[in-house]
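# Structural characterization, general
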Amino acid sequence: VAMSRLAVAVASWIVASFLNARSSQALPSGDFGLDLASEPKYVVGISTATRSAAMQSQSQAGGGVHHDGRHQTVSMTNAHGQKFKCVLPDVPLGDDPSDGDEGASPPASPDDLLSALGEQCFYRVEGWWTYEYCHRKHVRQFHKDNEEVTADFWLGKFDAGATGTLREQAGGVDAVSVEPSASGPSSKYVALVFTGGTVCDLTGDERRVEVRFFCGQDENTFIANLKEPATCKYTLQVNTPVLCRHPSFGVAEKPVKYIQCTEVAATEAVEEEERVLPAEQAVEKEEVEKHDEL
């Protein structure tokens, strides 16, 4: 499997940057602790030993960038003139993250994931008031004095019909909406609607609340905030890690590609230079011939 020209160029640039930035500090063999890029992720390891037997066998095919059937290697020189032989990771040409997904089971819906919350209730204290959300049951606002409830308002009970209407307006049964004031993956949410709350003295209408579930990186589910965009009309934000498993909410992890570099001894470096030039010339000649044929 060959690497694309772009993949080779990116990996080679990362290796060169790494060697020049850390030319005075070599990482122990097999230490891939430095993450140098995020898309895709390349991690470089520097071996303290002079080129290993595996690297030697791979270098026999010539210098520069080449493919030995399993890996490609590239010869690099840092700012101090030290030469390294680096094994690049295999990145298939036309690599498509969706390859191999055919026949895979579709991801669980947001509602399926939220079912993990069961019938739990969550609480948030803001000043005088305590807010209670019981999953797919109700939302309540109350105040306690000495463990006795002295003020109590129902903000709404779960309304499947109103929830369905809201989702249809947003684009589907499991429609994922976007918070206008936010950005990035954390701006996405799925909502449930709760209606039939205590009648509002100011409007004469029943209170209602839209509960918005966001992917939360914290290990616990909790009420993040409650807002009142209109009189007695509320939005309650719930952050939960269970939604992060859905592709619409989670941030896909890029596979880590490892690049192993080993310093080339001085005598080997001379031999390497003698091999690199003819190899590069042969590659250039081949590219020119292909271009002429086109």
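Quantities reported herein were computed from a predicted structural model and do not represent experimental measurements. (Residues numbered from 1 in each chain as written. Predicted model: local features only at pLDDT ≥ 70, side-chain atom pairs only at ≥ 80, totals over all residues. Heavy atoms only, no water.)

### A look at the packing of aromatic side chains
For the record, the criterion: Paired rings are identified among Phe, Tyr and Trp, the last through its six-membered ring, by centres lying within 6.5 Å, and are further divided according to the angle between planes into stacked (under 30 degrees), edge-to-face (over 60) and tilted (the rest). Helix and strand definitions here come from DSSP, where helices need a minimum of 4 consecutive H or I residues and strands a minimum of 2 consecutive E residues; each element is numbered from the N-terminal end. Using a 1.4 Å probe on the protein chains alone, a residue whose accessible area is under 20% of its type maximum counts as buried, one over 50% counts as exposed, and one in between counts as partly exposed.
Summed over the entire model, instances satisfying the criterion amount to 6 aromatic pairs. Arranged with centres 5.0 Å apart and planes meeting at 90°, the rings of W128 and W129 form a pair that is edge-to-face. Centre to centre, the rings of Y133 and F194 are 5.7 Å apart; their planes meet at 80°, and the pair counts as edge-to-face. Placement of Y133 in strand β6 (residues 129–134) and of F194 in strand β10 (residues 188–195) is noted, with a sequence separation of 61 residues between them. For the pair formed by Y133 and F194, the shared burial category is buried.

### Overview of the state of the cysteines
Here is the rule: Here, a disulfide means two cysteine sulfur atoms that sit within 2.5 Å of each other.
Applying the stated rule across the entire model yields 4 disulfides. Put simply, C86 and C261 are joined by a disulfide, and their sulfur atoms are 2.1 Å apart. Because the sign of the S-S torsion sets the handedness, a value of about 115° for the bond joining C86 and C261 places this disulfide among the right-handed ones. Taken as a pair, C86 in strand β4 (residues 83–88) and C261 in strand β14 (residues 256–263) lie far apart in primary sequence, 175 residues in all. There is a disulfide in this structure between C121 and C134, and the S-S distance comes to 1.9 Å. Between C121 and C134, the disulfide has an S-S torsion of 105° and is therefore right-handed. Of the two residues, C121 sits in strand β5 (residues 121–126) while C134 sits in strand β6, which places them 13 residues apart along the sequence. Residue C121 is classed as partly exposed on the basis of its relative accessible area of 32%.

### Some details on the pairing of β10
Using the following cut-off: We call two strands paired when DSSP finds no fewer than two bridges between them.
With 7 of its 8 residues buried, β10 lies for the most part within the structure. Pairing between strand β8 (residues 148–158) and β10: 2 bridges, direction antiparallel. Residue pairing for β10: K157 is matched across the bridge by T195. Strand direction decides the pairing type here: strand β9 (residues 177–178) and β10, joined by 2 bridges, are antiparallel.

### Some words on the environment of F194
For F194, a relative accessible area of 0% puts it in the buried group. In this structure the C-alpha to C-alpha distance between F194 and V209, which are 15 residues apart in sequence, comes to 5.2 Å.

### As for the pairing of strand β13 (residues 233–240)
Side-chain direction in a regular strand flips from residue to residue, so the side chains alternate between the two faces of the sheet. β13 sits mainly inside the fold: 7 of its 8 residues count as buried. For strand β11 (residues 208–215) and β13, the ladder comprises 8 bridges, and the chain directions are parallel. Following the sheet pairing, V209 is matched in β13 by Y234. Sheet topology note: the strand β12 (residues 222–230)/β13 ladder contains 6 bridges and is antiparallel. Residue pairing for β13: K227 is matched across the bridge by T235. Hairpin connection, β12 to β13: the antiparallel pair is bridged by 2 residues, and C232 has positive phi, about 65°.

### Regarding the side chain of H143
Counted only if it meets this: Here a polar contact is taken to be a pair of N or O atoms separated by no more than 3.5 Å, where protein atoms must pair a possible hydrogen donor with a possible acceptor and residues adjacent in sequence count only if both atoms sit in side chains. Whether two residues are in contact is decided by their heavy atoms, any of which lying within 4.5 Å being enough.
Among the secondary structure elements, H143 is positioned in strand β7 (residues 138–145). Judged by relative accessible area, H143 falls into the buried class, the value being 8%. Of the polar contacts made by the side chain of H143, one reaches the backbone oxygen of W128; its length is 2.7 Å. In this view, H143 contacts W128, W129, E148, V149, T150 and A151; residues no more than four positions away in its chain are not counted.

### Some remarks on the pattern of salt bridges
Rule in force here: Salt bridges are defined by distance alone: a side-chain nitrogen of Lys or Arg within 4 Å of a carboxyl oxygen of Asp or Glu.
By the definition in use, this model includes 8 salt bridges. Salt-bridge contacts for D111 lead to R136; the nearest nitrogen and oxygen are separated by 4.0 Å. Here D111 is found in helix α3 (residues 110–114), whereas its partner R136 is found in the loop between β6 and β7, with 25 residues between them in sequence. Linked through salt bridges whose partners overlap, the residues forming this network are D111, R136 and R167.

### Section: helix α4 (residues 160–170)
Put simply, the test is: Here the arc refers to the directions that run from the helix axis out to each C-beta atom.
Looking at α4, one finds that the buried residues are A162, T163 and R167. The arc that holds the buried residues of α4, viewed along the axis, is 135°, so those residues lie on one side. Across α4 from its buried face, at more than 90 degrees, point the exposed residues E168 and Q169. One side-chain oxygen at the N-terminal end of α4 lies 3.1 Å from the backbone nitrogen of G161; it belongs to D159. Of the residues one or two after α4, G171 is the one with positive phi, at around 130°.

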